[in-house]
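So you can see what is in the structure, the chains are spelled out below.
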Amino acid sequence: MTPRTSASVLLGAASLLVLAACTTPEPAAETTAEPTAPAEVAPIRLEEPPTGQLPADVHPVAYRLDLVTDPHKDSFTGHEEIDISMDGPHARIWLHDLGPDVSSLKAVLPDGTEIVGTITTGVTEDGVSRIDFDTTLPSGAATLVMDFTAPYDRNLAGLYKVEQAGRPYLVTQMEASDARRMFVSFDEPRFKTPYTLTVTAPVGMAIAANGALDSSEDAGNSMTTYHFKTTRPIQSYLVALMVGPYDSVTAAPVPPNDIRGEPVPLRAFAAAGKGSQLTDVLAITPAIIDYQEHYFDYPYPYGKLDLIAAADFAYGAMENAGAIVYREAALLIDEHTSLARRRGIFSTNAHEIAHQWFGDLVTPAWWDDIWLNEAFATWMASKTMNAVDPDGGWKLSPVKSSLNAMPLDSLASTRQIRNPIEKTGDINDAFDSITYQKGASVLNMFETYLGEDAFRDGIRLHMKRHADGNATVDDFMQSLADGSGQPDVVPAFRSYIMQPGIPYLDISLSCPDGGQPGLTITQSRYAPLGSTIDTGAQTWQVPFAAEVHDSTGTHVVRRMLTDKTTEIPLDDGCADWVMPNAGGAGYWRFIADADDAAALRANFTALDAGEQMMLLDSQMAGFNAGKVSTADLMADAQAAMTGAPDTVAQSLGVAGKLHGLLGDEGRTKLAAWVEATYGPAWNALSAKPEADKTDADRLLAPQLWNTLLTYGQRTDERAAMASSAKAYLGIGQDADAAALSPEDLGTAVSIGVRDGGRAFYDGALAYTLASDNQTERSAILYALAGSGSDEDLADLFKRALGDEITGSELYTIYAGAMGNEKGRPAFWQLVKDNFATLVAKMPSVRRPQLARATGNFCTADEVADAETFFKGQADLISGYERSLAQGVEAGTLCATLKEAKSAEVEAAFAE
Ligand SMILES: [Zn+2]
């Protein structure tokens with residue numbers, strides 16, 4: 001699964017639980033019903049519902065689903081058969097049901113005996129249900145046969161219905177635990193079985209499922225019945241179905257290669273009228289599949305591939321076996337798609353396709369290892385894109401992963417990568433930047449440590465060992481150790497995934513007269529000012545690599561740091577300077593002493609882009625920790641201007657940080673500094689011939705421009721941008737799609753609404769509501785929410801609760817408005833006054849994440865107010881605890897930093 005990638009990126013919540021034995025829970029207490037005969041094994045009858053995993057003594061062997069669907073209706077009917085296997089006699093079976101209303105249920109034994117069962121649904125809130133049988137079922141095989149009716153979900157979970165342009169569409173989203181909304185199931189990843197789907201749908205509607213279509217026949221009443229081929233063994237969260245008036249595009253099949261003898265049929269689907277926007281993603285897909293087949297040394301497992309753009313979708317995309325579902329913004333490309341979005345789409349596609357092996361073919365046994373799925377797919381997506389688009393600068397993706405994870409991982413309330421999952425409410429916590437970004441960065445670090453070929457051999461071995469089955473992280477590490485022949489990787493890897501936080505390396509270089517020069521490295525855990533983290537309580541096994549520059553040249557010094565303090569002798573004499581993160585591949589921050597920091601700044605251009613970025617991050621983090629002065633931070637930003645485009649982009653964060661710590665007078669002076677620092681970089685980039693620009697240049701330009709317009713002295717240019725926005729949106733004129741580049745849309749709308757008042761807001765909103773382009777709608781709504789006035793926000797809030805704005809867009813508006821410095825107080829009051837209504841429209845997965853917005857406040861009183869409020873709404877936002885803890889901590893740290901640093905920052909600008 002990919003979290004959505006808009007500005008309001010999913011910052012998942014997670015619950016911090018002490019690590020317990022987590023692969024196999026204690027067997028739940030069992031009590032026996034009255035024994036039927038003394039010598040018989042007593043029938044198993046678990047009285048209390050299981051809170052984590054279902055009991056292991058009953059498991060599904062195959063599912064057959066026969067459904068009658070019509071998107072125009074509000075519910076569907078199903079006939080379901082589940083072949084099961086029981087390790088002992090059972091009078092009661094526990095499984096999941098959170099939607100189907102079962103009208104008849106029986107168990108059929110191999111000899112044809114039928115035993116009537118009664119299902120009690122929703123024994124727990126998350127859908128654990130039980131079936132009680134009139135007579136005890138004997139040990140061995142049986143088939144559960146049932147008929148049911150179920151509503152289409154309306155909050156983007158299970159088999160759900162959404163409307164677009166007045167047309168209803170059906171599509172599925174099961175992960176993590178919503179298959180139980182569509183059919184009665186043993187809804188856990190360890191239960192991998194074949195699925196056979198038969199679906200009846202209105203004549204002429206497009207339809208797709210995991211399996212290829214086998215046959216179809218007229219069902220009467222303007223309905224057609226479709227029989228899909230039986231799948232390979234898959235888990236319930238991968239089951240997919242799509243029915244509706246979708247446009248369909250059939251591409252040329254992916255041709256056979258030396259790994260695979262058969263072609264792979266390839267299609268894509270989008271809401272009516274949008275089929276032409278599928279061309280680019282279909283074009284790149286065969287190269288992605290081909291690269292990954294060679295990497296895994298295993299043919300694409302699922303026979304055919306459909307790429308489906310859902311009419312609305314809560315995540316970025318979902319890796320259903322052979323039928324991947326995406327939000328429109330993660331699949332559709334037209335002439336208005338920005339370069340950043342286009343790259344995001346390709347990378348998401350590579351991520352989901354990687355899951356067809358890592359996640360689908362080999363599946364985590366339980367949710368505590370879902371991080372490995374996501375970390376691997378994120379890491380593999382960069383690797384794939386680097387191969388498919390070698391000039392695209394994808395090599396820096398793992399460094400960007402580190403930078404994306406570290407803000408969350410700086411908190412005391414972060415979680416370790418591999419976290420115990422003890423109840424369903426914890427599962428969604430696992431889909432956060434720690435899983436995706438830190439996980440990918442850690443995989444990259446260990447690939448660098450083992451070497452590319454050794455690491456790949458471990459992965460290949462893992463695929464062969466566990467194909468069509470389940471594997472835990474221990475299995476993964478064993479595969480890596482066996483495949484690479486380097487078992488010492490295991491304890492180091494464990495030290496990163498089993499404890500939270502960022503290793504903070506204090507580096508000192510000593511060159512005593514006549515003595516042995518060396519590096520002394522002391523580990524602690526990184527903590528910002530005001531943090532409650534016990535910085536001395538942890539050590540990691542750090543696969544340390546530093547670049548040492550001395551009179552004889554440049555050397556990389558490597559050492560596995562296993563102790564709190566490590567001395568590394570420098571045998572080639574004293575170093576002139578040291579870069580303590582060679583290539584930027586290491587997941588750690590470092591603090592260099594003032595001399596080393598000055599030397600690194602002076603030699604900035606000698607560093608590669610990854611090193612520049614990790615250095616700048618360490619300096620910015622040092623500022624937040626009270627170890628780097630404002631003057632040094634400003635010097636770092638200036639040094640960054642000599643660096644790679646990605647480094648320049650990263651340094652723009654310094655302007656935002658300082659802006660947040662200054663009053664009005666200081667901000668005026670900051671504007672001059674912003675011009676002096678970033679203006680020349682903008683001029684140089686603008687002067688570069690178009691043909692010489694890299695993707696990194698093209699991605700930097702709109703960000704640099706945004707910073708100059710937002711924090712610099714660009715009154716005239718702001719006015720010009722606002723007027724381009726008006727032309728684009730058709731405010732007081734005919735809309736002109738050529739008036740703005742897609743890169744500048746968000747910036748232009750933000751400036752337009754801030755400087756242009758209510759007339760601009762009204763015009764922009766009218767344009768948005770008439771648009772059917774979800775990417776564009778989301779960008780405009782986010783900008784209006786982030787920069788609108790109190791009056792604009794009041795109107796936007798009211799409309800967002802109505803029919804013209806989707807539930808996903810409501811979340812985008814919420815995230816934008818809570819980040820709106822001026823409008824936040826009034827918007828927050830609206831949220832509090834209408835919370836139940838807001839939650840009712842929100843996609844289910846977003847509800848607990850609402851509490852994360854507490855982190856937008858930056859005073860102790862506001863943070864306390866938000867905390868009290870969300871705690872009072874616990875019933876509506878079940879599973880919110882970690883989101884809230886992280887929000888409270890972020891807000892509290894913001895207030896602490898402001899108190900500690902504002903005077904120093906003001907003083908730096910007073911000169
Ligand atoms: Zn994923």
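Anyway, here's the lowdown on the structure attached to this text. Keep in mind the model is a prediction, meaning the values are calculated, not measured.

Procedures and definitions
Residues numbered from 1 in each chain as written. Predicted model: local features only at pLDDT ≥ 70, side-chain atom pairs only at ≥ 80, totals over all residues. Heavy atoms only, no water. Helix = DSSP H or I, 4+ residues; strand = E, 2+ residues; numbered from the N terminus. Rg over C-alpha atoms; globule rule 2.2 N^0.38 Å. Contact = heavy atoms within 4.5 Å. Areas by Shrake-Rupley, 256 points an atom, 1.4 Å probe, with all protein chains shown as cover. Lys, Arg positive; Asp, Glu negative; His and termini not counted. Charge placed at Lys NZ, Arg CZ, Asp CG, Glu CD. Core = buried A, V, L, I, M, F, W, Y, C linked by side-chain atoms within 4.5 Å. Buried < 20%, exposed > 50% of the residue type's maximum accessible area, 1.4 Å probe, protein only. 1 Å grid on protein atoms, 1.4 Å probe; cavity = no way out; pocket = protein on both sides within 12 Å on 5 of 7 lines; lining within 4 Å. Points joined across faces, edges and corners; volume = space filled by probe spheres on them. Nonpolar A, V, L, I, M, F, W, Y, C, P; charged D, E, K, R; others polar. Pairing = 2+ DSSP bridges. Donors = N, O, S within 2.8 Å, 3.2 Å for Na, K, Ca; no water. Phe/Tyr/Trp six-rings, centres within 6.5 Å; stacked < 30°, edge-to-face > 60°. Lys NZ or Arg CZ within 6 Å of the ring centre and 35° of its normal. Salt bridge = Lys/Arg side-chain N within 4 Å of Asp/Glu carboxyl O. Axes fitted to C-alpha atoms, helices over the stretch in contact; angles between N-to-C directions. Parallel < 35°, antiparallel > 145°, perpendicular 65-115°, else oblique. Left-handed = near helix turned anticlockwise from the far one by under 90°. Disulfide = S-S within 2.5 Å.

**Focus on the overall build of the protein chain**
A count of helical and extended segments in the protein chain gives 24 helices and 30 strands. Rg of the C-alpha trace for the protein chain: 28 Å, near the compact-globule value of 29 Å for 911 residues, within the 12% margin. Expressed along its principal axes, the backbone C-alpha trace of the protein chain runs to roughly 90 × 75 × 60 Å. Across the protein chain, every contact between residues at least 6 apart in sequence was considered, and the portion connecting residues at least 24 apart equals 72%. Of the roughly 32,800 Å² that the protein chain leaves accessible, carbon and sulfur atoms contribute 51%. Each charge class in the protein chain can be summarised by its mean position, and for the 68 positive and 122 negative side chains these summaries are 3 Å apart.

**Quick look at the nonpolar core**
Counting residues in hydrophobic clusters, the biggest one holds 282 residues, and the most contacted among them are Phe186, Tyr678 and Phe870. No other element matches helix 3 (residues 370-388), which puts ten residues into this core.

**What to know about the layout of surface pockets**
Taken as a whole, the second largest pocket holds about 1,000 Å³ of empty space. Residue assignment for the lining of the second largest pocket shows that the elements contributing at least two residues are helix 5 (424-427) and helix 24 (881-910). Looking at the lining of the second largest pocket element by element, the count peaks at four residues for helix 5. Residue composition of the lining of the second largest pocket, by class: 17 nonpolar, 13 polar and 13 charged.

**Overview of the pairing of strand 26 (residues 542-550)**
Burial of strand 26 is extensive: nine of the nine residues sit out of reach of the surface. Covered by surrounding structure in strand 26 are Val542, Phe544, Ala546, Val548 and Asp550 together with Pro543, Ala545, Glu547 and His549, the residues of both alternating faces. Pairing between strand 26 and strand 27 (residues 553-561): nine bridges, direction antiparallel. From the neighbouring strand, His549 faces strand 27, where its bridge partner is Thr554. Connecting strand 26 to the antiparallel partner strand 27 that follows it, the hairpin turn spans two residues. Examined bridge by bridge, strand 26 and strand 29 (residues 575-579) share four bridges and lie antiparallel to one another. The partner of Val548 across the bridge, within strand 29, is Val578.

**Some thoughts on the coordination of the zinc ion**
Looking at the zinc ion, the protein donor atoms are Met1 (N), Met1 (O), His351 (NE2), His355 (NE2) and Glu374 (OE), and they sit 1.9 to 2.3 Å from it. Mapped onto the sequence, the donors of the zinc ion take the spacing M-x349-H-x3-H-x18-E. In this pair, His355 sits in helix 2 (residues 339-355) while Glu374 sits in helix 3, placing the two residues 19 residues apart along the sequence. You'll find His355 and Glu374 in the same group, each marked buried.

**A closer look at the packing of aromatic side chains**
Taken as a whole, this structure holds 40 aromatic pairs when the rule is applied. Where Trp828 meets Phe870, the ring centres are 5.5 Å apart and the plane angle is 45 degrees; that geometry is what we call tilted. Residue Trp828 is found in helix 21 (residues 824-833), and its partner Phe870 is found in helix 23 (residues 860-872); the two are separated by 42 residues along the sequence. Here the two residues Trp828 and Phe870 agree in accessibility, since each one is buried. Both rings, one in Phe835 and one in Phe869, keep their centres 5.1 Å apart while their planes meet at 85 degrees; by these two values the pair is edge-to-face. Within this pair, whereas Phe835 is found in helix 22 (residues 835-841), its partner Phe869 is found in helix 23, the two being separated by 34 residues in sequence. In this structure, Arg589 packs its charged tip against the face of Tyr526, placed 4.6 Å from the ring centre.

**Observations regarding unusual backbone geometry**
Ala176 follows Glu175 through a cis peptide bond whose omega is 5 degrees. For Ala176, the position within the fold is in the loop between strand 11 (167-173) and strand 12 (195-202). Located in the positive-phi region is Leu156, a residue other than glycine, with phi close to 65 degrees. Within the secondary structure, Leu156 sits in the loop between strand 9 (140-151) and strand 10 (158-164).

**Side note on the pattern of salt bridges**
Evaluation of the coordinates by the stated rule reveals 49 salt bridges. Asp187 is paired through a salt bridge with Arg180; the nearest N and O atoms lie 2.9 Å apart. For the pair Asp187 and Arg180, a shared accessibility class is recorded, and that class is buried. A salt bridge links Glu791 to Arg758; its shortest N-O distance comes to 3.2 Å. Linking Glu791 in helix 19 (residues 790-800) with Arg758 in helix 17 (residues 745-770), this pair joins segments that are 33 residues apart in sequence.

**Quick look at the sheet that holds strand 10**
Pairing within the open sheet is antiparallel, and its four strands lie in the order 10-11-16-13. The outermost strands of the open sheet, each flanked by one partner alone, are strand 10 and strand 13 (206-209). Across this sheet, the average inter-strand angle for adjacent strands is 10 degrees, counted without regard to direction. Note that strand 11 and strand 16 (residues 241-244) share two bridges and pair antiparallel. Its bridge partner being in strand 16, Val171 is matched across the sheet by Met242.

**Examining the packing of helix 11 (residues 609-624) against helix 13 (residues 645-661)**
Between helix 11 and helix 13, the shortest axis-to-axis distance is 9 Å and the interhelical angle comes to 10 degrees. As far as their axial angle goes, helix 13 and helix 11 are roughly parallel. Of the two possible hands of crossing, helix 11 and helix 13 adopt the one that is left-handed. Counting all contacts with helix 11, which are made through Ala609, Gln612, Met613, Leu616, Asp617, Met620, Phe623 and Asn624, the residues of helix 13 involved are Asp646, Thr647, Gln650, Ser651, Gly653, Val654, Lys657 and Leu661. Across the contact of helix 11 with helix 13, the residue classes tally to seven nonpolar, six polar and three charged.

**Describing the sheet that holds strand 29**
As summarised here, the arrangement of the three strands in space is 27-26-29, forming an open sheet in which the pairing is antiparallel. Single-partner strands in this sheet number two, and they are strand 27 and strand 29. Shown here is a sheet whose adjacent strand axes are inclined to one another by a mean of 30 degrees, direction ignored.

**Focus: the environment of Ala644**
Relative to the helices and strands, Ala644 resides in the loop between helix 12 (630-640) and helix 13. In this structure, the C-alpha to C-alpha distance between Ala644 and Asp608, residues 36 residues apart in sequence, is 8.1 Å. For Ala644, the residues in contact, after removing those within four places along its chain, are Ala609 and Gln612.

**Regarding the state of the cysteines**
Evaluation of the coordinates by the stated rule reveals two disulfides. For Cys511, the disulfide goes to Cys574, at an S-S distance of 1.6 Å. Taking the sign of the torsion about the S-S bond as the criterion, the disulfide between Cys511 and Cys574, at about 65 degrees, is right-handed. Note that Cys511 is positioned in the loop between strand 24 (503-510) and strand 25 (518-525) and Cys574 in the loop between strand 28 (565-569) and strand 29, a separation of 63 residues in sequence. Under the relative-accessibility criterion, Cys511 is labelled partly exposed at 35%. Note that Cys858 is cross-linked by a disulfide to Cys894, the S-S spacing being 2.0 Å. Negative torsions about the S-S bond denote left-handed disulfides, and the value of about -95 degrees found for Cys858 with Cys894 makes this one left-handed. Separated by 36 residues along the polypeptide, Cys858 in the loop between helix 22 and helix 23 and Cys894 in helix 24 bring together distant segments of the chain. By relative accessible area, Cys894 is classed as partly exposed at 31%. Once the disulfide-bonded cysteines of the protein chain are ranked by sequence position, their pairing pattern turns out to be 1-2, 3-4.

**Focus: the packing of helix 13 against helix 15 (residues 695-711)**
Relative orientation of the contacting elements helix 13 and helix 15 amounts to 20 degrees, with a least axis distance of 9 Å. By the criterion of interaxial angle, the relationship of helix 13 to helix 15 is roughly parallel. As for the relative orientation of helix 13 and helix 15, their crossing is left-handed in sense. Residue-level inspection shows Pro645, Asp646, Val648, Ala649, Leu652, Ala655, Gly656 and His659 of helix 13 in contact with helix 15, the latter providing Ala696, Asp697, Leu700, Gln703, Leu704, Thr707 and Tyr711. Taken together, the residues that form the contact of helix 13 with helix 15 break down as nine nonpolar, four polar and two charged.

**Some thoughts on helix 10 (residues 594-602)**
Looking at helix 10, one finds that the buried residues are Asp596, Ala597, Ala599, Leu600 and Arg601. For helix 10, the elements touching its buried residues are strand 24, strand 29, strand 30 (589-592), helix 11 and helix 12.

Don't take any of this as a statement about function, it's just geometry.
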